[in-house]
Amino acid sequence: MSAEGAVTTSTTELSTTVSDEGPTKTTEIPSVVTTTAEGHDASADTVASEAIPNPSAASVPLSPSPPASAPTVTSTTTTSSTSTSSSELPLAEFERVMEQVEDLLKVQDPPETPFKSIYKSDDVLKELLSRLNSDSEDQADMKSVIHYVLGINALNSEDNAAGESNLHKLLSRICPLDNSASALPVGDHRRGWGSIAIDSLNRLGVLASDRSNHEEAERYLKQAEAVYLQIKRRNEAEVLPFTHTGYHNEIESLYTHTLYYLAQMYNINSKKSMAAQYCYETLKRQRASNTYNSEEWALNCVSLAAYYVEHYMFFAAEQCLSIAAATLPVTTSEENKINCSIARAHWLLDFFKFKYKQHIGELKSISPCGVETPEPLFGGENAPSPSELVQFSTIDTYEQAYVLFSRIRDLLISGMKYYVLDGFTSDHMKLLNDLCKLYRLLISYDTNLERRCKLQEKRISLLEPLVSQLNPQFYNFELQELYDKLGNMHSEYADQLLKVQAATNSHELDYKINRIINSSITYFSRLVRCFEGKPLGGNEDAVLAARFSRARLYTQLISSDLEVCVENMKKALVEYSWLSDYGEKNSPKNFSTHMQLCKQMLALLPQKIAALRYAMEYSSTRATSDDEDP
């Protein structure tokens, strides 16, 4: 689970970067929670200063190595009410050795021996552990602290097995992993271990995820969540004696990390709804704590918007995009500003698609502007009022559609000016494809046949220049997609021209129709040639659709020469025969209807060819008879 999740959109991968004020290099050594003879938690009376972990995604990766800083277990440093037997290690001696360990971990080691100080501190800790022979509560606390620091040291020095073993020893005492309640034991002397428990569980969760053991990772992280919620309940009931700000901030920061890791884990497991929920909670907590990188936070908010769009939650997506735009600092890179603008274009483009589905009756049960959230996100901060979507709640005419079309077109063109073809080929092509989809949506609302033809010409003109501009050696896959799209665009254009011709009952468009049909056949033929002599594999649907379209287009060519018509019918017959043979041998699952049409055409075309030949013979006989007439 990486913390590098930036905007991808597309796709809409959810990623929330957890970042606080800055990284801390050293491991803070926890103190020991001591108990009085009556079992009273001494930390209730005296709360020591605590270190707050400050992992930063920009400089300290959250995975595979979790944040280097460790939480502090608050305690007193005296045991005036606790008698110490001669066989027990004095607390003062323990704290002196732990200070020595802390000093070792502050040393900046050279790159050649990056873990030298960690190894030295491990030797000191292990020697100290060997001196703890008593089974008293204080000695057990000391052992737990040592196992915790040894565990963190091992993980930071890439010894995951040792790290896991030591953290398990710690948790077996303070937070048993087989505890059905998945929380801390209720004993007073263990209440101060909450932050250590959450941190340890977080680290074990990341470790399990790195091994692709997502079920185990979820178990650790959900237990960390349960520990936090239990601590929260105790705080609310004023049972937990920790009210110190440092402890509160520490717990809250660690829990934010827990939510972040859960969001990443659910995203990896394709549980998008859960991932979005935890992603939003992480962003909301960061916003509330005011400890985050503004630019990263805004971009992650944009990524979350993509999930909401996918589920028709356009108001929620709009809130995410609006607060992201307001959060971006003035120092934001030009690329990230453009990415936010493009994300807004995609939000409106998907809303346009949604409105078209409503227009044709595919989505009747959803409100005119999509699914509304129960309450405003982020407390309604920067939520647009009124929503930009309100003006587009009704799109039933070309004029209404054109207003939304213009807004999206301007945003996409702005993105294309930054992501130019030379240098950003893939990004430029994606935006061009989005622009073509946008024109197609507008065409769907247009009842004027001539204007529909002009808009279709515009769509073709956007993509056709790429055929000569892309190098087949490096962009073979992109060219295959391009051939398919241009073949279909020309085919749709030909259909529109045929409708215009039928409406005007004129043959003035014959030449243009034939030219467009031949262009469509050419592009489909280029696509088919890419796979000649090769297994179709995942390209089966595209190749079969291209050959089926090519067969149909041959029958649409217009000619007054009956011999040319016969040749076109023969070409169509060859295509249908190939498709029928392929269907019988391979049974393509997505082309059962097409295969039935092939069989029908195989029965019909020979009859048409025979009729054309009869007409040719009759015409020839009549011409001969006319020539012989005196």
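So, how was this worked out
Residues numbered from 1 in each chain as written. Predicted model: local features only at pLDDT ≥ 70, side-chain atom pairs only at ≥ 80, totals over all residues. Heavy atoms only, no water. Helix = DSSP H or I, 4+ residues; strand = E, 2+ residues; numbered from the N terminus. Buried < 20%, exposed > 50% of the residue type's maximum accessible area, 1.4 Å probe, protein only. Contact = heavy atoms within 4.5 Å. Areas by Shrake-Rupley, 256 points an atom, 1.4 Å probe, with all protein chains shown as cover. Expected span 1.5 Å × (residues − 1). Axes fitted to C-alpha atoms, helices over the stretch in contact; angles between N-to-C directions. Parallel < 35°, antiparallel > 145°, perpendicular 65-115°, else oblique. Left-handed = near helix turned anticlockwise from the far one by under 90°. pLDDT = per-residue confidence, 0-100. Phe/Tyr/Trp six-rings, centres within 6.5 Å; stacked < 30°, edge-to-face > 60°. Lys NZ or Arg CZ within 6 Å of the ring centre and 35° of its normal.

1. Quick look at the overall build of the chain
Step number 1: For the chain, the count of helices and strands is 20 helices and 0 strands.
Step number 2: In the chain, buried positions account for 52% of the 630 residues.
Step number 3: Here the contacts in the chain between residues at least 6 apart in sequence split such that 73% fall between residues at least 24 apart.
Step number 4: As presented, the chain carries roughly 29,500 Å² of accessible surface, and 50% of it is formed by carbon and sulfur atoms.

2. A few points about the side chain of Glu575
Step number 1: Looking at the secondary structure, you find Glu575 in helix α19 (residues 562–586).
Step number 2: Glu575 sits in the buried class, given a relative accessible area of 5%.
Step number 3: Excluding residues that lie within four positions of it along the chain, Glu575 makes contacts with Arg547, Arg550, Ala551 and Tyr554.

3. Re the environment of Thr522
Step number 1: By secondary structure assignment, the location of Thr522 is in helix α17 (residues 510–529).
Step number 2: Once the C-alpha coordinates of Thr522 and Leu486 are considered, the two residues, 36 residues apart in sequence, prove to be 9.6 Å apart.

4. Structural notes on helix α8 (residues 272–289)
Step number 1: Between its terminal C-alpha atoms α8 stretches 26 Å, which fits the 26 Å expected from 18 residues at 1.5 Å a residue.
Step number 2: Of the residues making up α8, those classed as buried are Ala275, Ala276, Tyr278, Cys279, Tyr280, Thr282, Leu283, Arg285, Gln286 and Arg287.
Step number 3: Phi for Asn290, located one or two positions after α8, is positive at around 60°.

5. Things to note about the packing of helix α14 (residues 449–463) against helix α16 (residues 476–504)
Helices that pack against each other are described as a pair by the angle of their axes relative to one another and the distance between those axes.
Step number 1: Running from N to C, α14 and α16 cross one another at 165°; their axes reach a closest spacing of 10 Å. Put simply, α14 runs roughly antiparallel to α16. In this structure, α14 meets α16 at a crossing whose hand is left-handed. Here α14 contributes Leu449, Arg452, Cys453, Gln456, Glu457, Arg459, Ile460 and Leu463 to the contact with α16, which in turn contributes Leu482, Lys485, Leu486, Met489, His490, Glu492, Tyr493, Gln496, Leu497, Lys499, Val500 and Ala503.

6. Focus on the confidence of the model for the chain
Step number 1: Confidence in the prediction of the chain, expressed as mean pLDDT, is 81, and 80% of residues score 70 or more.
Step number 2: Confidence over residues 31–69 falls short of pLDDT 50; this stretch has 136 contacts with residues more than four positions distant or in other chains.
Step number 3: Confidence drops under a pLDDT of 50 for residues 236–245, and excluding neighbours within four residues, the segment shows 20 contacts in the predicted structure.

7. With respect to the packing of helix α10 (residues 314–327) against helix α11 (residues 334–359)
Step number 1: Contact geometry of α10 with α11 gives a least axis separation of 10 Å together with a crossing angle of 170°. In terms of orientation, α10 and α11 fall into the roughly antiparallel class. Here α10 and α11 pass one another in a crossing that is left-handed. Along the contact surface, α10 presents Phe314, Ala317, Glu318, Leu321 and Ser322, while α11 presents Ala343, Arg344, Trp347, Asp350, Phe351 and Phe354.

8. As for unusual backbone geometry
Step number 1: Phi is positive for Ser212, which is not a glycine, with a value near 65°.
Step number 2: Tracing the chain through its elements places Ser212 in the loop between α5 (194–210) and α6 (214–236).
Step number 3: Note on Ser212: relative accessible area 53%, which makes it exposed.

9. With respect to the packing of aromatic side chains
Step number 1: In this structure the tally under the stated criterion is 23 aromatic pairs.
Step number 2: Ring centres of Phe405 and Tyr439 lie 4.9 Å apart, and the angle between their planes is 75°; this geometry places the pair in the edge-to-face category. Placement of the pair is Phe405 in helix α12 (residues 398–418) and Tyr439 in helix α13 (residues 425–445), with a sequence separation of 34 residues.
Step number 3: A relative accessible area of 8% means that Tyr439 is categorised as buried.
Step number 4: Grouped by ring-pair contacts, the aromatic residues Tyr280, Tyr292, Trp297 and Phe378 constitute a single cluster.
Step number 5: Taking the ring centre of Tyr398 as reference, the NZ or CZ of Arg451 above it sits at 3.9 Å.
Step number 6: Taking NZ or CZ as reference, Arg547 lies 3.9 Å from the ring centre of Trp578, over its face.

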